Amino acid sequence: MAGIDYQHASRTNLLAWSLLFVAHAATGLILLILYALATLLSLIWVGLPLIVLLTPLIRAHADTHRHMLGHFLPSGPVPSPYNPLPATGIARRVGAILTDPTTWRDLTWLLVNGLIGAAIAALPALLIAQAAHLTLYSTVLWTTAPDSYYNLTPPHDQTSALITLLPALLLILVSWAITPISVSGYAHLNRWLLAPDEKARLAQRVAHLATSRAETIDAQASEVRRIERDLHDGAQARLVALGMSLGMAEQMLTHDPHTAQQLLTEARDTTRQALTELRDLVRGIHPPVLVERGLQGAVRALAVTQHLPIDVDIDLPGRLAAPVESAAYFAIAETLTNTAKHADATRAWVRINHGGGRLVLLVGDNGKGGADLSQGTGLHGIRRRLGAFDGTISIVSPAGGPTIVTMELPCVLSSPKTSPSSAMD
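Quantities reported herein were computed from a predicted structural model and do not represent experimental measurements.

Parameters at a glance
Residues numbered from 1 in each chain as written. Predicted model: local features only at pLDDT ≥ 70, side-chain atom pairs only at ≥ 80, totals over all residues. Heavy atoms only, no water. Helix = DSSP H or I, 4+ residues; strand = E, 2+ residues; numbered from the N terminus. Contact = heavy atoms within 4.5 Å. Areas by Shrake-Rupley, 256 points an atom, 1.4 Å probe, with all protein chains shown as cover. Axes fitted to C-alpha atoms, helices over the stretch in contact; angles between N-to-C directions. Parallel < 35°, antiparallel > 145°, perpendicular 65-115°, else oblique. Left-handed = near helix turned anticlockwise from the far one by under 90°. Nonpolar A, V, L, I, M, F, W, Y, C, P; charged D, E, K, R; others polar. Phe/Tyr/Trp six-rings, centres within 6.5 Å; stacked < 30°, edge-to-face > 60°. Buried < 20%, exposed > 50% of the residue type's maximum accessible area, 1.4 Å probe, protein only. Patch = residues over 30% accessible without salt bridge, like charges linked within 9 Å, V, L, I, M, F, W, Y side chains within 5 Å. Salt bridge = Lys/Arg side-chain N within 4 Å of Asp/Glu carboxyl O. Polar contact = N/O pair within 3.5 Å; in protein donor to acceptor, adjacent residues only side chain to side chain. UniProt positions renumbered as here; feature names shortened; annotations may be inferred. Pairing = 2+ DSSP bridges.

## Focus on the overall build of the chain
Secondary structure assignment for the chain yields twelve helices and five strands. Across the chain, the fraction of contacts at a sequence separation of at least 24, relative to all contacts at a separation of at least 6, is 71%. For the chain, the exposed area adds up to about 23700 Å²; of that, 65% sits on carbon and sulfur atoms.

## Focus: the packing of helix 2 (residues 47-69) against helix 3 (residues 90-99)
At a minimum axis distance of 10 Å, the contact between helix 2 and helix 3 shows a crossing angle of 60°. Here helix 2 is positioned oblique relative to helix 3, judged by the angle of their axes. Pair helix 2 / helix 3 crosses with left-handed handedness. Taking contact as the criterion, the partners of L48, P49, I51, V52 and T55 in helix 2 are, on helix 3, I90, R93, V94 and I97. Here the residues of the contact of helix 2 with helix 3 sort into seven nonpolar, one polar and one charged.

## Digging into the packing of aromatic side chains
Enumeration according to the criterion identifies five aromatic pairs in this entry. Taking the centre distance of 5.9 Å and the plane angle of 40° together, the rings of W17 and F21 count as tilted. Placement of both W17 and F21 in helix 1 (residues 11-41) is noted, with a separation of four residues, approximately one turn of the helix. For the pair W17 and F21, one class covers both residues: buried. Residues W17 and F72 carry aromatic rings whose centres are separated by 5.1 Å and whose planes lie at 85° to one another, so their mutual orientation is edge-to-face. Taken together, the residues W17 in helix 1 and F72 in the loop between helix 2 and helix 3 connect sequence positions 55 residues apart.

## Comments concerning a nonpolar patch on the surface
Taken together, L41, L43, I44, V46, L50, L53 and L57 make up a surface patch of nonpolar side chains, about 670 Å² in accessible area. Broken down by element, the residue count for the nonpolar patch peaks at three residues, all from helix 2. Relative to the assigned elements, V46 resides in the loop between helix 1 and helix 2.

## So, the side chain of R319
If you trace the backbone, R319 turns up in the loop between strand 1 (310-315) and helix 10 (322-343). For R319, a relative accessible area of 19% corresponds to the buried category. Separated by 2.8 Å, the side chains of R319 and E325 make a polar contact.

## Focus: the UniProt feature "transmembrane region" (unreviewed entry) in the chain
UniProt records the feature "transmembrane region" (unreviewed entry) at residues 14-37, 43-62, 107-132 and 161-183, using the numbering of this structure. Secondary structure content for residues 107-132 is 100% helix and 0% strand, and the end C-alpha separation is 36 Å.

## What about the pattern of salt bridges?
Counted by the stated rule, this structure contains six salt bridges. A salt bridge links R347 to D311, with the nearest nitrogen and oxygen atoms 3.4 Å apart. Residue R347 is found in the loop between helix 10 and strand 2 (348-355), and its partner D311 is found in strand 1; the two are separated by 36 residues along the sequence. Between R319 and E325 there is a salt bridge, with the nearest N and O atoms lying 2.8 Å from each other. A single salt-bridge network, built from bridges that share partners, covers D63, R66 and D106.

## What to know about the packing of helix 2 against helix 6 (residues 165-194)
It is the contact of helix 2 with helix 6, at a shortest axis distance of 10 Å, that shows an interaxial angle of 135°. By the angle between their axes, helix 2 is oblique relative to helix 6. Our pair here, helix 2 against helix 6, has a crossing hand that is left-handed. Facing A62, H65, R66 and L69 of helix 2, the residues of helix 6 in contact are Y186, A187, N190, R191 and L194.

## Some thoughts on the pairing of strand 5 (residues 403-410)
A one-sided burial pattern is seen for strand 5, the buried positions being T403, V405, M407 and L409 and the unburied ones I404, T406, E408 and P410. Looking at chain direction, strand 3 (residues 358-365) and strand 5 are connected through eight bridges and run antiparallel. Residue pairing across strands places L361 opposite M407, the latter belonging to strand 5. Across five bridges, strand 4 (residues 392-396) lies against strand 5 in antiparallel orientation. Across the sheet, the residue bridging to T392 is E408, located in strand 5. Hairpin connection between strand 4 and strand 5: a loop of six residues separates the two successive antiparallel strands, and G400 in this loop has a positive phi of roughly 95°.

## A few points about the pairing of strand 3
In the case of a regular strand, side chains alternate between the two sheet surfaces. Two strands pair when backbone bridges link them, and strand 2 and strand 3 are joined in this way by eight bridges, in the antiparallel orientation. Opposite V350, over in strand 3, you have V363 as the bridge partner.

Printed below as a string of structure tokens:
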């Protein structure tokens with residue numbers, strides 16, 4: 001999510017956001033006060049359940065703020081730094097909370113944001129409120145309480161009262177000018193307070209790698225089981241039947257040549273089918289066209305075999321490492337398979353390019369939409385496959401379509417004349 005253009009954004013919209021930020025900051029102060037009371041009560045053990053109850057509320061409040069800041073920061077939403085709390089045990093959960101540095105950073109954020117952040121966000125509204133007060137005074141209140149205004153020379157007639165409209169106009173102009181600055185300053189202050197520090201990022205990275213490693217191992221084990229099942233149910237069964245047919249033909253060759261000839265014909269057909277299944281199995285492991293022609297040729301060949309027209313646009317000035325090529329190819333293949341099965345689309349498109357050290361894969365269709373990354377084993381398998389290479393997947397699929405699947409993989413390209421294997425040496 002890219003940040004908005006402050007200077008060209010609606011001032012009314014920005015003012016509404018600033019008021020929302022003030023409300024959030026006030027809510028944060030209330031949570032901070034409650035947490036302080038719970039900490040005091042924990043001396044007599046009464047506050048421990050309150051700490052366990054308030055911590056998820058504070059973290060949810062902070063995460064909501066991180067998501068809101070994504071509208072105003074070029075980098076998008078601020079990442080969440082939290083590790084999961086222990087599932088059971090009040091003492092264990094309180095210990096994890098109190099020893100977690102992010103807990104104290106959140107409490108610091110509640111205090112600083114509730115005071116400094118709220119003041120920054122409220123400044124445009126305060127200026128407008130003061131301008132409204134001056135306007136109301138200039139038109140009505142000066143007649144009822146002329147000395148109540150903090151002016152050294154209170155007005156005595158309508159003309160002198162209307163002169164106070166000039167400061168009101170000036171305040172409105174200042175508010176109009178500083179509203180973007182105020183919202184931007186608030187967003188960057190909160191980003192500095194809420195963004196994960198280096199230690200938190202390292203801990204998240206370790207946790208991500210551990211999860212990715214476990215998922216990769218599970219995916220490899222599942223792939224091995226699939227290959228074993230395909231061999232057992234396909235080529236192996238046909239080879240067993242081939243052996244039986246050849247044995248029977250050998251026995252009948254002397255006394256019933258005609259039947260032996262039929263068995264040999266069946267054996268030849270069985271051999272052909274077994275070879276076809278073995279070739280399909282090899283293509284499912286690593287397509288030969290991927291080795292020979294790279295990702296560009298493999299994806300174009302894949303598009304030709306689909307049952308709906310697919311536009312392919314690829315801009316890759318070099319070759320990828322073989323594992324990355326394989327992951328990208330099968331991710332695209334699985335996405336197109338999902339499109340054919342579920343999207344009811346009449347056409348699809350594939351866009352591939354590389355820049356900034358990342359391979360970007362975009363697969364779209366004009367189908368009915370409604371794809372959900374949290375549902376479906378196919379999409380989960382794609383995310384797991386990409387996750388092994390620190391890749392990401394995101395889906396935009398409103399009801400009625402279109403569906404756009406964006407996948408990114410960090411990688412480098414070798415020169416066009418360099419093979420992926422040599423690039424890895």
